[in-house]
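Results of the structural survey
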Amino acid sequence: MKLGIDINSGERPFHELLEGVLFSSKKYKDSLFYVIGNIDKVKEAFPKIESFTNIRLVNAVEVIGMEESPLLAVRRKKNASVCVGMKLLKEKEIDLFFSPGNTGATVVASVLELGLFPGLKKPAMATFLPRLDDDGETLILDVGANPEAKEEYFFQNAQLGSVFYHGLFEKNEVSVGLLNMGTEYGKGSSFIKKVHQLLSNVDGFQGNVEPYNIIDGSVDVIICDGFTGNTVIKVCETFQKLFLTKMGSYFSRLLNASRWRRLFLGKAFNSSFLGNSTSLKRKKRLKRLFLPRFYGAAVLLGVNGLVLVGHGKCSKSDIMNAIDFANFLIDKDIYFYLLKNWKKNK
């Protein structure tokens, strides 16, 4: 497997992303990692990087900033890391490309360089969210590729999402729901009502769902526009931070209160059960409870190649998990499965 990783883009220092790549290169020794970025800076920061036998350095000196216009930047900066990566993917030098940079630029470069599935109007970004019962995960799309969507985009996204979910988890009957303000038929704006009627032609469509259905396992795939989906995942990320902060504060007070120490720190109580709630290791363990199996990147569905879009603040652990996700997608041969079957679900 050959993975292209853009380390130039995003809001984190490039060396943090590169550390994640180097760590994963030891885990996946049979995979080739094409590190796309400023080679001179990479060699300066990691002098021994060329000793890694499964690392390939690809020079890309230009960067598309997070505030730049996606279309203009892609057209003007041909040597930007995201553009270089897309060319490698188009020429089949790599099997998958990952970028944590400007989402719009990644989507635009994907469409212009790779093209769309035959008959598809727009691509969609999809990601997973965890469930309360730990029985599978919920796929939500679109989460940012198209903030403004037409009825047909919703319909095609439902087709893409359903087939994608089936291809990954081999579930025969994939259930699909339309994110709305209520589950009752007739809820929502006139636009959403038209979408609901159109989606009734999709296999497995269960009707309207509310935000709580994302985590209660009611449906496998949830459809929404890119603006709504992006807002949902960012609210989830914020709630995760809120919960971890509150939990850390609560356990700190619990352990520091003398009456609790007298009550709990006896022979029958093992203090290591809670330990130092503010420790980084304990916070990471708590954080894992609120994460899906694969995080760190959303997959761009509908373009002629495997593309993962990372968060702008993608960390070392995020990129490592994104690489796990990339290997899972390639092992499942999901691109060809999706290309072959997405239009059959209607």
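The structure under discussion appears in the preceding block.
Please read all numbers here as calculations on a predicted model, not as lab measurements.

**Here's the deal with the overall build of the protein chain**
Helix and strand counts for the protein chain come out as 13 helices and 11 strands. When the 346 residues of the protein chain are sorted by exposure, 49% land in the buried category. Looking at the protein chain alone, contacts between residues at least 24 apart form 72% of all its contacts between residues at least 6 apart.

**Looking at the packing of aromatic side chains**
Taken as a whole and assessed by the stated rule, the structure comprises 9 aromatic pairs. Seen in terms of ring centroids, F117 and Y335 are 6.1 Å apart; in terms of plane orientation they differ by 50 degrees. Their pairing is tilted. Pair noted here: F117 is in the loop between α5 (103-114) and β5 (124-130) and Y335 is in helix α13 (residues 334-341), with a separation of 218 residues, a long-range link. The burial state of F117 is the same as that of Y335; both residues are buried.

**Notes on unusual backbone geometry**
Going from L141 to D142, the amide bond is cis rather than trans, its omega being 5 degrees. Looking at where D142 falls in the secondary structure, it is placed in the loop between β6 (137-141) and α6 (151-169). Of note in the backbone geometry, E170 takes a positive phi value of approximately 55 degrees without being a glycine. By the element assignment, E170 lies in the loop between α6 and β7 (176-179).

**Things to note about the pattern of salt bridges**
Taken as a whole, this structure holds 8 salt bridges when the rule is applied. Between E113 and K90 there is a salt bridge, with the nearest N and O atoms lying 3.7 Å from each other. Of this pair, E113 sits in helix α5 while K90 sits in helix α4 (residues 81-90), placing them 23 residues apart in sequence. Relative accessible area serves as the criterion here: at 49%, K90 is assigned to the partly exposed category. Shared partners join several salt bridges into a network, and the residues in it are R131, K171 and D220.

**Concerning the sheet that holds β5**
Taking strand neighbours across the sheet as the criterion, the 11 strands line up as β3-β2-β1-β4-β11-β10-β5-β6-β9-β7-β8 in an open arrangement whose pairing is mixed. The two strands at the open ends of the sheet, each matched to only one other strand, are β3 (55-59) and β8 (205-209). Across this sheet, the average inter-strand angle for adjacent strands is 25 degrees, counted without regard to direction. Across 4 bridges, strand β4 (residues 96-99) lies against strand β11 (residues 306-310) in parallel orientation. Bridging across to β11, L96 finds its partner in L306. In the packing of α4 onto the sheet, the strands contacted are β1 (2-6), β2 (32-37), β3, β4 and β11, and the crossing angle to β4 comes to about 170 degrees.

**Side note on the packing of α4 against α5**
Across the interface, α4 lies against α5 with an axial gap of 10 Å and an inter-helix angle of 35 degrees. Of the two possible hands of crossing, α4 and α5 adopt the one that is right-handed. Contact with α4, carried on its side by V82, M86, K87, L89 and K90, involves A105, T106, A109, S110, E113 and L114 of α5 and no other residues of that element. For the contact of α4 with α5, a count of residues per class yields 6 nonpolar, 2 polar and 3 charged.

**What to know about α6**
The end-to-end C-alpha separation of α6 is 27 Å, in line with the 27 Å expected for 19 residues at 1.5 Å each. The element α6 is largely enclosed, with a buried count of 15 among its 19 residues. The first or second residue beyond α6 is E170, which carries a positive phi of 55 degrees.

**Notes on the side chain of N341**
Along the chain, N341 turns up in helix α13. Since its relative accessible area comes to 16%, N341 is described here as buried.

What counts and how
- Residues numbered from 1 in each chain as written.
- Predicted model: local features only at pLDDT ≥ 70, side-chain atom pairs only at ≥ 80, totals over all residues.
- Heavy atoms only, no water.
- Helix = DSSP H or I, 4+ residues; strand = E, 2+ residues; numbered from the N terminus.
- Buried < 20%, exposed > 50% of the residue type's maximum accessible area, 1.4 Å probe, protein only.
- Contact = heavy atoms within 4.5 Å.
- Phe/Tyr/Trp six-rings, centres within 6.5 Å; stacked < 30°, edge-to-face > 60°.
- Salt bridge = Lys/Arg side-chain N within 4 Å of Asp/Glu carboxyl O.
- Pairing = 2+ DSSP bridges.
- Axes fitted to C-alpha atoms, helices over the stretch in contact; angles between N-to-C directions.
- Left-handed = near helix turned anticlockwise from the far one by under 90°.
- Nonpolar A, V, L, I, M, F, W, Y, C, P; charged D, E, K, R; others polar.
- Expected span 1.5 Å × (residues − 1).

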